[in-house]
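Descriptive analysis of the structure
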Amino acid sequence: MPAFTAQAPAKIILFGEHAVVYGRPAIAVPVMALQARAIVRAEPRAPHGQVRLIAPAIRLEALLEELGADHPLRRVVELTAQELGAAYLPACQIQIQSTIPVASGLGSGAAVSVAIIRALAAYLGKSLPDTTVSAIAYEVEKIHHGTPSGVDNTVITLRKAVFFMRGQAIQPLRIGRPFTLLIADSGIPSPTAATVGDVRRAWEQNPQDYEALFDQIADIVVQARSLIEKGVPHFLGDLMNRNQELLRALNVSSPQLDHLINLALQAGALGAKLSGGGRGGNVIALVSEGDAAAVARSLKEGGAREVILTTVE
Ligand code: PMV
């Protein structure tokens with residue numbers, strides 16, 4: 001029986017998380033070393049329209065209708081079938097394999113959605129434009145995040161670095177010169193919905209101060225874009241450190257993340273910050289090639305569960 005497979009990468013936010021939810025820009029890049037994969041196989045002997053989902057990473061094996069109506073996997077399958085004009089799907093099994101850690105700011109939810117959307121479209125002999133793929137993934141992100149900015153589904157669908165602003169046309173980012181980042185997983189799961197919700201409550205109580213912090217983050221994002229496009233990425237380190245200070249002021253860092261960031265800087269990183277929702281999840285560090293191994297070692301010794309090296313190009 002043929003299998004229809006699609007993959008989607010992880011992503012990291014380089015600059016601008018949280019402020020992006022409030023209409024400021026953010027820069028995000030794909031991480032091709034980590035991928036979610038969906039494999040759809042027809043099950044001709046199964047009852048008419050039966051869809052079985054198998055996702056070992058979250059220990060899930062269930063029929064579609066056994067999942068709650070708001071389950072992200074059920075939503076993505078149903079929305080995709082609807083978009084493809086299929087009243088029901090020919091009986092099949094959808095298997096999900098992913099190397100992207102869950103709830104750590106790497107966009108695993110959006111990557112799984114994008115992989116499923118494309119694999120299901122292929123199964124039905126169709127393909128969907130990127131805008132539609134991204135729009136469906138965005139609908140599902142709402143279940144994960146509450147009020148997502150849309151940056152995850154966009155960068156993961158396009159597989160390209162983007163300068164992203166809510167409600168505006170996507171601006172792909174030209175990388176003037178490749179640069180190297182370490183992504184260190186703190187091992188602390190931190191659902192993005194929680195930190196996004198906390199920031200929203202704090203903003204509601206103190207809109208002026210929070211708007212001012214978002215504006216300062218926006219300035220950093222605009223400067224970072226210019227450095228990346230001009231091909232002088234080594235100057236990004238200082239901007240990362242300043243963005244991290246502002247994330248601390250938003251109260252989305254944590255002692256563990258600050259500890260990893262300090263270790264990276266002491267070991268020679270040019271700059272470091274949390275990436276994504278914060279509290280837990282990942283920190284990213286900008287490194288020169290010569291210092292990458294020492295910084296990675298220091299992060300591991302300091303308790304990072306995993307350290308991934310990625311080149312932004
Ligand atoms: O935790 P992540 O990587 O999914 O990123 C969340 C980024 C936020 O700006 C905090 C939220 C959003 O929807 O953009």
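Definitions and limits used
- Residues numbered from 1 in each chain as written.
- Predicted model: local features only at pLDDT ≥ 70, side-chain atom pairs only at ≥ 80, totals over all residues.
- Heavy atoms only, no water.
- Phe/Tyr/Trp six-rings, centres within 6.5 Å; stacked < 30°, edge-to-face > 60°.
- Helix = DSSP H or I, 4+ residues; strand = E, 2+ residues; numbered from the N terminus.
- Buried < 20%, exposed > 50% of the residue type's maximum accessible area, 1.4 Å probe, protein only.
- Near = heavy atom within 4 Å.
- Polar contact = N/O pair within 3.5 Å; in protein donor to acceptor, adjacent residues only side chain to side chain.
- Nonpolar A, V, L, I, M, F, W, Y, C, P; charged D, E, K, R; others polar.
- Domains from an automatic or database assignment.
- Contact = heavy atoms within 4.5 Å.
- Pairing = 2+ DSSP bridges.
- Axes fitted to C-alpha atoms, helices over the stretch in contact; angles between N-to-C directions.
- Buried area = accessible area lost by both parts, 1.4 Å probe.
- Salt bridge = Lys/Arg side-chain N within 4 Å of Asp/Glu carboxyl O.

So, on to the packing of aromatic side chains. Under the definition given, this model contains four aromatic pairs. With a centroid separation of 4.9 Å and an interplanar angle of 55°, the aromatic rings of Tyr22 and Trp203 are classed as tilted. Residue Tyr22 is located in the loop between strand S1 (3–15) and strand S2 (26–42), and its partner Trp203 is located in helix H5 (residues 192–205); the two are separated by 181 residues in the primary sequence. Classification of Tyr22 as buried rests on a relative accessible area of 12%. For Trp203, a relative accessible area of 22% translates into the label partly exposed. On the numbers, 4.5 Å between centres and 15° between planes, the contact of Tyr22 with Phe214 is stacked.

Taken together, the neighbourhood of the ligand is formed by 16 residues, with Lys11, His18, Gly105, Ser149 and Thr192 sitting nearest. Lys11 places a side-chain nitrogen or oxygen 2.5 Å from an oxygen atom of the ligand. In the environment of the ligand, an oxygen atom lies 2.6 Å from a nitrogen or oxygen atom belonging to the side chain of Thr192. Sorting the residues of the shell around the ligand by element identifies S1, helix H4 (151–158) and H5 as the ones contributing at least two each. Taken together, the residues of the shell around the ligand sort by class into six nonpolar, seven polar and three charged. Built from parts of two domains, the shell around the ligand gets at least three residues from each of domain 1 (3–164) and domain 2 (174–312).

Take the side chain of Asn282 next. Its place among the elements puts Asn282 in strand S10 (residues 282–287). Here Asn282 falls in the buried class, since its relative accessible area comes to 2%. Of note is the side chain of Asn282, whose polar atom sits 3.3 Å from the backbone nitrogen of Asp185. Excluding its chain neighbours within four sequence positions, the residues that come into contact with Asn282 are Ser104, Leu106, Ile183, Ala184, Asp185, Leu274 and Ser275.

Pairing between sheet strands relies on hydrogen bonds along the backbone, with the strands arranged either parallel or antiparallel. Strand order in the open sheet formed by four strands is S9-S10-S8-S11, with antiparallel pairing between adjacent strands. Because the sheet does not close on itself, it has two edges, and the strands there are strand S9 (271–275) and strand S11 (306–312). Put simply, the sheet's adjacent strands are angled 25° from each other on average, direction ignored. Relative to S10, S9 runs antiparallel, the two being bridged by five bridges. Residue pairing for S10: Gly271 is matched across the bridge by Leu286. Its contacts with the sheet place helix H7 (residues 236–249) against strand S8 (179–185), S9 and S10, and it is angled at close to 40° to S9.

Domain annotation for the protein chain reports domain 1 (3–164) and domain 2 (174–312). Between the C-alpha centres of domain 1 and domain 2 there is a distance of 25 Å. With 27 residues of domain 1 in contact, the opposing surface of domain 2 contributes 44 residues. The contact between domain 1 and domain 2 buries some 2900 Å² in all, and 69% of this surface belongs to carbon and sulfur atoms. Interface area lost by domain 1 to domain 2 is led by Phe15, His18 and Tyr22, which between them contribute 26%. Two residues, Glu211 and Arg24, come together in a salt bridge whose shortest N-O distance is 2.5 Å. For the side of domain 1 that touches domain 2, the secondary structure elements donating two or more residues are S1, S2 and helix H3 (130–145).

Bringing the pattern of salt bridges into the picture now. For side chains bearing opposite charge, pairing can occur when the charged atoms are close. Per the counting criterion, the structure on display carries 14 salt bridges. Here Glu229 makes a salt bridge to Arg225, at a shortest N to O gap of 3.9 Å. Linking Glu229 with Arg225, this pair stays in helix H6 (residues 207–230), spanning four residues, or about one helical turn. Among the charged side chains, a network of salt bridges with common partners joins Arg24, Glu211 and Asp215.

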